[in-house]
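A look at the structure
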Amino acid sequence: MSTSKAKQKVQPLTDQEIQQNYSRLQNELQSLAGKIGELEQEAEEHGLVLSTLNEALQVEPDRKCFRLIGGVLVERTVKDVVPALQTNREGIKKVIANLAEQYTGKERDFDNFKRDYNARPVSSA
């Protein structure tokens, strides 16, 4: 029954509208994937810095380190910077998880769109 209801909800679109929606959904997926990749790289960089600073924290917690905040380089101690970096990394991981959920939803929408309108990429051959 649910499939017959789903079939009734599909609005007839022109070929051009189908092509535009297909491209839009594809671009949204690519954009989300790019942002996820960028944030994963940033989280990995935070991890590398934290591993280095954790070693310094054990040996010399009052050691100077520099941190770029809003385009301004500030001098701090290792014991001050480590908790802030850990908080930032956790925040980045939460954003990545949120974007991954959005990506999954968009991917599902895209698959439904392709199925409903029998849309396929145009071969350039």
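Inspection of every chain in the model, using the stated rule, returns five salt bridges. Residue Asp62 is joined to Lys79 by a salt bridge in which the shortest nitrogen-to-oxygen separation is 2.9 Å. With a gap of 17 residues between them, Asp62 in the loop between helix H2 (15-59) and strand E1 (64-69) and Lys79 in helix H3 (residues 78-117) connect regions that are remote in the sequence. Asp62 gets classed as exposed once you look at its relative accessible area, which sits at 51%. Classification of Lys79 as partly exposed rests on a relative accessible area of 44%. For Asp111, the salt bridge goes to Lys114, with nearest N and O atoms at 3.8 Å. Of this pair, Asp111 and Lys114 both sit in helix H3, three residues apart, which is roughly one turn of the helix. Judged by relative accessible area, which is 39%, Asp111 ranks as partly exposed. Linked through salt bridges whose partners overlap, the residues forming this network are Arg24, Glu28 and Lys106.

At a minimum axis distance of 8 Å, the contact between H2 and H3 shows a crossing angle of 160°. Classified by the angle their axes make, H2 and H3 are roughly antiparallel. Crossing handedness for the pair H2 and H3: left-handed. The residue makeup of the contact of H2 with H3, split by class, is 27 nonpolar, eight polar and nine charged.

A few words on unusual backbone geometry. The phi dihedral of Asn118 falls on the positive side, at around 50°, and the residue is not glycine. With respect to the helices and strands, Asn118 occurs in the segment after H3. Judged by relative accessible area, which is 56%, Asn118 ranks as exposed.

Reading guide: rules and limits
Residues numbered from 1 in each chain as written. Predicted model: local features only at pLDDT ≥ 70, side-chain atom pairs only at ≥ 80, totals over all residues. Heavy atoms only, no water. Salt bridge = Lys/Arg side-chain N within 4 Å of Asp/Glu carboxyl O. Helix = DSSP H or I, 4+ residues; strand = E, 2+ residues; numbered from the N terminus. Buried < 20%, exposed > 50% of the residue type's maximum accessible area, 1.4 Å probe, protein only. Axes fitted to C-alpha atoms, helices over the stretch in contact; angles between N-to-C directions. Parallel < 35°, antiparallel > 145°, perpendicular 65-115°, else oblique. Left-handed = near helix turned anticlockwise from the far one by under 90°. Nonpolar A, V, L, I, M, F, W, Y, C, P; charged D, E, K, R; others polar.

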